Each structure stands twice: as C-alpha cells, then as structure tokens.
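A structural walkthrough
Here are the chains, one letter per residue:
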Amino acid sequence: MERRPFPLSLSVREAEGVWRVAAGAAQAGELADLLVAAAGDAVAVVSLETNSYLDEDWQSLRPSLIAAELGVPCTVYPLGSWTFGTHGLAEELLIVDRALLPRLLDGTWSPYELTLIDVPADATPEQLDELALVLGTTDIDEPVLSRLEDSRVWFSGHDDCYVFLETRDPAVPAAVLARLLTLLAGSALAELTERSSVRVPEPGPWLPERLIATAPHWIGALREVTEDLVTIELAALPDPWHLGVSFPQQADLAVTLDVRLGTWRITPTE
C-alpha cells in the first residue's frame, strides 16, 4: 500500500496429516510443477478469474474457452447456476491431466483468482458433484482435504500474489519456501542486471526444512544484492503474515545465494 514490494512470507501448520501453507509472493504458474508433483492423475480447475481473457461484456471467459485458446485438452463438467455467488467455485469444472497443468499456466496470462484440486482421472459425475459440494460448504478455517479422501493437493491463488494450499505431502511446504527464495533472488538479480530473466539455482531441501523446523511463520526481505551475492533477511513471526505487517526491526537469520558458485547458506544476523 506504500508502494513497497510484497515480502516473502510463509506460514505452515499441520493437522491430521494435512499441511496447510499460506505464502507469498508467487504466481500460480511459478508453482505449477510443485503442484503436479504432489497431485494425483488429474487436476480440476474449480474457480478461475482473469483479465487476460475477456468476452464482449468484459467478463472472464469460461475456463474451458481459455483452455481451448491455449490448446490444452480437457474434460468439462458443468455444475449449473447453483454455484453462482459461491466463493471458490465456477459454473463448470475443468478436468486436466496433471502433466498438462504447466502448459495451462504457461506464464502468458495471469489468473487473479484460481482454485485447483486434484481428482482421480476416472472421477464419476457423482464424485465431482460431491467435490463441488464440499468446496462450496467448507469453512475458511477448515482443511478442505480433511473432507476429501481422494485428493492430495488443493491450491488457491489470489491477486497473482497470495498462495494458499493444502497437501498430504510433507515435502511440499519446504519446496514452496525454496521456490519463494529462488524467485525473490532471481527477480532481484534480473532487476540489477536489467535482464528479462536469470537462471538461479534453488536451495537444497535442507535449507527450507531447517527454517520450517525453527519456526512456522516467516517473513523475508532483500538486504543486499550484487552480481555475486544476494542476501535475504528472514524474521520469525508470532503469527502468519498479513498485509500491513512490516518487517521487524531485527532479522533472525540471513539466507545468502552465492551467484558464482550457485550455493545457498544460512547465517545468523549481526
């Protein structure tokens, strides 16, 4: 709100074998491969809003029409008008082979609202109706996956920035944190070198796993950026980050990327 960049943020909690993650800042396409790795055979697009594909009334195209524009084969399951006004549900479900998700979220367009959940490839109409009912009636503080035994990952992205996801795979939260660190470092290097993109190695699993084991809620911000080193300060928070929470006066740790060596390290802050 003060024209400052969104900070890196991550919050993780686990209950009954489901890990819930709130994070930022990342676009859906930047996490698509992580979702594919955690998902079952197929992915259902259950909600989609975008300004990239609009009809003659300046409304978002239906997901099936967007998939057709992108040449992504899919199965369309209409839900009907009962979903109108239900947050997180469109009037149709788009069923896509999980391997095609990165092709759908290819970076050429931007969904400002997107909800995905994996489903069996042979899901019946009755199962899809039940899925829609669960998604439409689950309270915001209640894990979705606790009511859907056949699903392994649920993703909800907002404003092309905020990330909320649930997963049964305990490796996913650390993978998301590693990706967030990489995206922040890469964007800083691209801006410094005035290049459209740069190739940045991700930290190994040990680094995000250590951070998550230390504290469940983190906020991060760039401290120093040169062509040789990128340093990101991290601070543990008592609660999940939300808009308006500034970076604390004192960081707890610093994570540094050595650009030349392609290595990451954690150091205490002075």
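Residues numbered from 1 in each chain as written. Predicted model: local features only at pLDDT ≥ 70, side-chain atom pairs only at ≥ 80, totals over all residues. Heavy atoms only, no water.

1. Remarks on the overall build of the protein
As a reminder of what qualifies: We count a stretch as a helix when DSSP gives it H or I for four or more residues in a row; a strand needs E for two or more, and each element gets its number in order from the N terminus. Atoms considered for the radius of gyration are the C-alpha atoms alone. The globule rule reads 2.2 Å times the number of residues to the power 0.38. We call two residues in contact whenever any of their non-hydrogen atoms come within 4.5 Å of each other. Per-residue accessibility takes into account occlusion by the displayed protein chains alone, with areas from the Shrake-Rupley method and a 1.4 Å probe.
The number of helices and strands found in the protein is six helices and twelve strands. For the protein, whose C-alpha radius of gyration is 19 Å, the value lies close to the compact-globule estimate of 18 Å for 270 residues. Dimensions of the protein along its principal axes, counting C-alpha atoms only, are 60 × 40 × 35 Å. Of all intrachain contacts in the protein linking residues separated by at least 6 positions in sequence, the fraction that spans at least 24 positions is 63%. As presented, the protein carries roughly 14,100 Å² of accessible surface, and 51% of it is formed by carbon and sulfur atoms.

2. Looking at helix α6 (residues 206-214)
The condition is simple: Here the term buried applies to any residue with accessible area under 20% of the maximum for its type, exposed to any over 50%, and partly exposed to those in between, with areas from a 1.4 Å probe on protein chains only. The reported arc concerns the directions from the helix axis to the C-beta atoms and nothing else.
Listing the buried residues of α6 in full gives L207, P208 and L211. Viewed end-on, α6 has its buried residues packed into an arc of 90 degrees, placing them on one side of the element. Packing partners of the buried residues in α6 comprise α5 (172-193), β9 (217-225), β10 (229-236), β11 (253-258) and β12 (263-268).

3. Structural notes on the pairing of strand β7 (residues 153-158)
The following threshold applies: Should DSSP find at least two bridges between two strands, the strands are taken to pair.
Counting buried residues in β7 gives six out of six residues, a clear majority hidden from the surface. The alternating pattern of β7 places V153, F155 and G157 on one face and W154, S156 and H158 on the opposite face, and all of these are buried. Relative to β7, strand β6 (residues 111-119) runs antiparallel, the two sharing five bridges. The partner of L114 across the bridge, within β7, is G157. Strand direction decides the pairing type here: β7 and strand β8 (residues 162-167), joined by six bridges, are antiparallel. Within β8, the position partnered with W154 by the bridge is E166. Hairpin connection between β7 and β8: a loop of three residues separates the two successive antiparallel strands, and D159 in this loop has a positive phi of roughly 55 degrees.

4. Focus on the nonpolar core
Nonpolar side chains tend toward joint burial in soluble globular proteins. Keep this limit in mind: For our purposes a nonpolar core is just a set of buried Ala, Val, Leu, Ile, Met, Phe, Trp, Tyr and Cys residues, chained together by side-chain atoms within 4.5 Å.
Counting 57 residues, the largest nonpolar core has L116, F155 and L211 as the members making the most contacts within it. Among the elements that take part in this core, α5 stands out by supplying eight residues, more than any other. Setting aside its immediate chain neighbours within four residues, L211 contacts L177, W218, L234, L253, V255 and I266. Ranked by size, the runner-up nonpolar core spans 20 residues in total, among them V18, V119, A132 and W154.

5. A short note on the sheet that holds strand β4 (residues 75-78)
To keep things clear, this is the line we draw: Lines fitted to the C-alpha atoms define the axes, with helices restricted to the stretch that makes contact. Angles between their N-to-C directions range from 0 to 180 degrees.
Within the open sheet, the twelve strands sit side by side as β4-β5-β3-β6-β7-β8-β2-β1-β9-β10-β11-β12. Their pairing is antiparallel. Both edges of this open sheet fall to β4 and β12, since each of them pairs with a single strand only. Direction aside, the axes of adjacent strands within the sheet are offset by 20 degrees on average. Pairing geometry for strand β2 (residues 18-24) and β8, over five bridges, is antiparallel. Bridge pairing in β8 places V21 opposite L165.

6. Focus on the side chain of D118
Under the convention used in this document: This count recognises Lys and Arg as positive and Asp and Glu as negative, with His and chain-terminal groups excluded. Only one rule defines a salt bridge in this text: a Lys or Arg side-chain nitrogen within 4 Å of an Asp or Glu carboxyl oxygen. Whenever two N or O atoms come within 3.5 Å, that pair is a polar contact, provided that in protein one can donate a hydrogen and the other can accept it, and provided that, for residues adjacent in sequence, both atoms are side-chain atoms.
You can see D118 is positioned in strand β6. Buried D118, no salt bridge; nearest opposite-charge side chain is R152, N-O distance 4.7 Å. In this structure the side chain of D118 is engaged in a polar contact, spanning 2.8 Å, whose partner is the backbone nitrogen of G40.

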